[in-house]
Amino acid sequence: MAQVVVVIPVFNSAGTISRAIDAALSQNFDGQFEIVAVNDGSTDDTSEVLKRYGGRIRVLDQQNRGPAAARNAAVALSSAEYIAFLDADDAFISDKLARSVPRLASNHNAVMLFHDAIALDRDGHEVAHSYVWPERAHAPSMDEMLMKWWPIVPSTVLMRRSAFERCGGFCEEFKTPGYEDPDLWIRAREFGDFIYLPERLTYYTTNEVRAERMEKYMSSRDLFFRRLRQLYGHRADELIRSTVRNYTNWLSYQGLLAMQRRDPATARVYFARILRRQPTHLKSALRWLRTFLPGPVARALSGRTAGAKLPVG
């Protein structure tokens, strides 16, 4: 029986999935492991790419149900004791399992391990020395997870199967990616400690975030907030506030950048998105009005905000 299952949800990832699978197959790991890829209703050449691996991996084809359901389906196909999540556009370094599995296995109080990552852009260029910023480079307490957004991405996580099952897996109400994973990490923390490894054991591909994409995920964010309130009540208030604040800061930053580029129409869209959800946000209202002014007047009124930096929440 495999000790570890590497779980890969795949949706229209024909261009990146081979890199993910090849890296998983190349692990320098003495234990037994298997790879389960779930083709989540892809309409590109993903199916053909997966077929090339033959019996070296297990493949499940299903209608598109989202990454939460795809990961649950992959775990259900295996009986492995440990679950390593891997997204289709990420890749493990060769010692990922060798460095992480013994650490989790040796600490019976721990239910999950996560580690740092090498952050890459879509062209494969390194964009940050560390994905985990210094003040969060430790295993969080439950209280910390209910106060701040913790930088844990699926491809850096190794979880005990027993903890995954006690949590009921990923919540399949989440149909789009982005909030199904913190929802699970928070619930998993109820059942035991986490371990943090400050080693960069995964290549993590960052996605260019556009306002349209962020808006698409708002229903998932709202579901995440509802579940937090149902499960934790007022204990989760600060996490909800900080998540909203980070989204507002990001939209403001993008709007100010657009103003610097002398593109008031685009800036107006970003400020309007803030006002749509926070109608009383005075600073955004003033910035939105400024986008209708003649260029020289708007720039004169911008003052120091033109060089604003994106806050980290």
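Residues numbered from 1 in each chain as written. Predicted model: local features only at pLDDT ≥ 70, side-chain atom pairs only at ≥ 80, totals over all residues. Heavy atoms only, no water.

Trainee: Mind laying out the overall build of the protein chain, listing which residues take part and the relevant values?
Mentor: A count of helices and strands for the protein chain gives 13 helices and 9 strands. For the protein chain, the proportion of its 313 residues judged to be buried stands at 49%. Summarising the internal contacts of the protein chain: among those between residues at least 6 apart in sequence, 74% fall at separations of at least 24. Of the side-chain charges in the protein chain, 42 are positive and 36 negative, and the distance between the mean point of each set is 8 Å. (Helix = DSSP H or I, 4+ residues; strand = E, 2+ residues; numbered from the N terminus. Buried < 20%, exposed > 50% of the residue type's maximum accessible area, 1.4 Å probe, protein only. Contact = heavy atoms within 4.5 Å. Lys, Arg positive; Asp, Glu negative; His and termini not counted. Charge placed at Lys NZ, Arg CZ, Asp CG, Glu CD.)

Trainee: Outline the packing of aromatic side chains, supporting the account with residue identities and numerical values.
Mentor: A full pass over the atoms with the stated rule returns 13 aromatic pairs. Between F85 and F164, the aromatic rings sit 6.2 Å apart at their centres with planes inclined by 45°, giving tilted as the arrangement. On the criterion of sequence distance, the pair formed by F85 in strand β4 (residues 82-85) and F164 in helix α6 (residues 161-167) is long-range, its members being 79 residues apart. Residues F85 and F164 agree in their burial class; the two are buried. Taking 5.4 Å as the distance between ring centres and 75° as the angle between the ring planes, the aromatic pair formed by F85 and F170 counts as edge-to-face. Here F85, found in strand β4, pairs with F170, found in the loop between α6 and α7 (180-189); they are 85 residues apart in sequence, far enough to count as distant. For the pair shown, F85 and F170 are each scored as buried. When the ring centre of W150 is taken as origin, the NZ or CZ atom of R136, which lies over that ring, is 5.7 Å away. The aromatic ring of F292 is capped on one face by R268, whose charged end is 4.1 Å from the ring centroid. (Phe/Tyr/Trp six-rings, centres within 6.5 Å; stacked < 30°, edge-to-face > 60°. Lys NZ or Arg CZ within 6 Å of the ring centre and 35° of its normal.)

Trainee: Can you explain the state of the cysteines? Please cite residues and give values.
Mentor: Taken as a whole and assessed by the stated rule, the structure comprises 0 disulfides. For C167, which is in no disulfide, the shortest distance to another cysteine sulfur is to C171 and amounts to 12 Å. We classify C171 as buried; its relative accessible area is 11%. (Disulfide = S-S within 2.5 Å.)

Trainee: If you had to explain empty space enclosed by the protein to someone new, which residues and values would you point to?
Mentor: One pass over the structure, following the stated rule, counts 1 cavity of 30 Å³ or more. As a volume, the largest cavity reaches approximately 30 Å³. Going through the elements one at a time, α7 and α9 (218-232) are the ones with two or more residues in the lining of the largest cavity. Broken down by element, the residue count for the lining of the largest cavity peaks at 5 residues, all from α9. Classifying every residue of the lining of the largest cavity by side-chain character gives 5 nonpolar, no polar and 3 charged. (1 Å grid on protein atoms, 1.4 Å probe; cavity = no way out; pocket = protein on both sides within 12 Å on 5 of 7 lines; lining within 4 Å. Points joined across faces, edges and corners; volume = space filled by probe spheres on them. Nonpolar A, V, L, I, M, F, W, Y, C, P; charged D, E, K, R; others polar.)

Trainee: Now, about the packing of α7 against α9: what can you tell me, with residues and values included?
Mentor: Viewed as axis vectors pointing N to C, α7 and α9 meet at an angle of 15°, and their least axial separation amounts to 10 Å. Relative to α9, α7 is oriented roughly parallel. Crossing angle aside, the handedness with which α7 passes α9 is right-handed. In contact with P182, D183, I186 and R187 of α7, α9 contributes F224, R227, L228, L231 and Y232. (Axes fitted to C-alpha atoms, helices over the stretch in contact; angles between N-to-C directions. Parallel < 35°, antiparallel > 145°, perpendicular 65-115°, else oblique. Left-handed = near helix turned anticlockwise from the far one by under 90°.)

Trainee: Describe the pairing of strand β2 (residues 33-40), naming the residues involved and giving the relevant values.
Mentor: Among the 8 residues that make up β2, 7 are buried, leaving the element largely enclosed by the rest of the structure. Of the crossover connections in this fold, the one passing from strand β1 (residues 4-10) over helix α1 (residues 17-25) to the parallel β2 is right-handed. Bridge analysis of β2 against strand β3 (residues 58-62) gives 5 bridges, and the strand direction is parallel. The residue bridging A37 from the neighbouring strand is V59, located in β3. On the question of chirality, the crossover connecting β2 to the parallel β3 by way of helix α2 (residues 46-51) is right-handed. (Right-handed = clockwise from strand over helix to strand, strands pointing away. Pairing = 2+ DSSP bridges.)

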